[in-house]
Amino acid sequence: MLSLKTCSFCGGSVNLGEGTLLVRNDGSINWYCSSKCRKSSVFLKRDPRRFKWTTITRQAREKRKEKKKEKKKATRRDG
Ligand SMILES: [Zn+2]
């Protein structure tokens, strides 16, 4: 079943009945899909952009690949 919740660290979907919810004193709500994401964010204070397995970095990598392809197509000459 689909859920609208997304992990605050990796950006993946959080299934119903899974994951952990963290509510801070200032009222902000963070959902985490796994203990890996929770520990990375809360205790280790990691930046999700520095890891290959987060959706943020995956999207950035795909964008870079598309840009490279476009550049190759633009420079190719026929004849
Ligand atoms: Zn996650």
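Residues numbered from 1 in each chain as written. Predicted model: local features only at pLDDT ≥ 70, side-chain atom pairs only at ≥ 80, totals over all residues.

A short note on the overall build of the protein
The secondary structure content of the protein amounts to 2 helices and 2 strands. Starting at the N terminus, the α and β elements of the protein follow one another as β-β-α-α. In terms of C-alpha radius of gyration, the protein reaches 18 Å, well past the compact-globule figure of 12 Å for 79 residues. By its C-alpha atoms, the protein is 65 × 30 × 20 Å across when sized along the principal axes. Relative to all contacts within the protein whose residues are 6 or more apart in sequence, the contacts with residues 24 or more apart total 37%. (Helix = DSSP H or I, 4+ residues; strand = E, 2+ residues; numbered from the N terminus. Rg over C-alpha atoms; globule rule 2.2 N^0.38 Å. Contact = placed C-beta atoms within 7 Å.)

With respect to helix H2 (residues 55–75)
The end-to-end C-alpha distance of H2 is 31 Å, a good match for the 30 Å that 21 residues give at a rise of 1.5 Å each. For H2, the buried fraction is low: 0 of the 21 residues fall into the buried class. (Expected span 1.5 Å × (residues − 1). Buried ≥ 20, exposed ≤ 12 C-beta atoms within 10 Å, placed from the backbone.)

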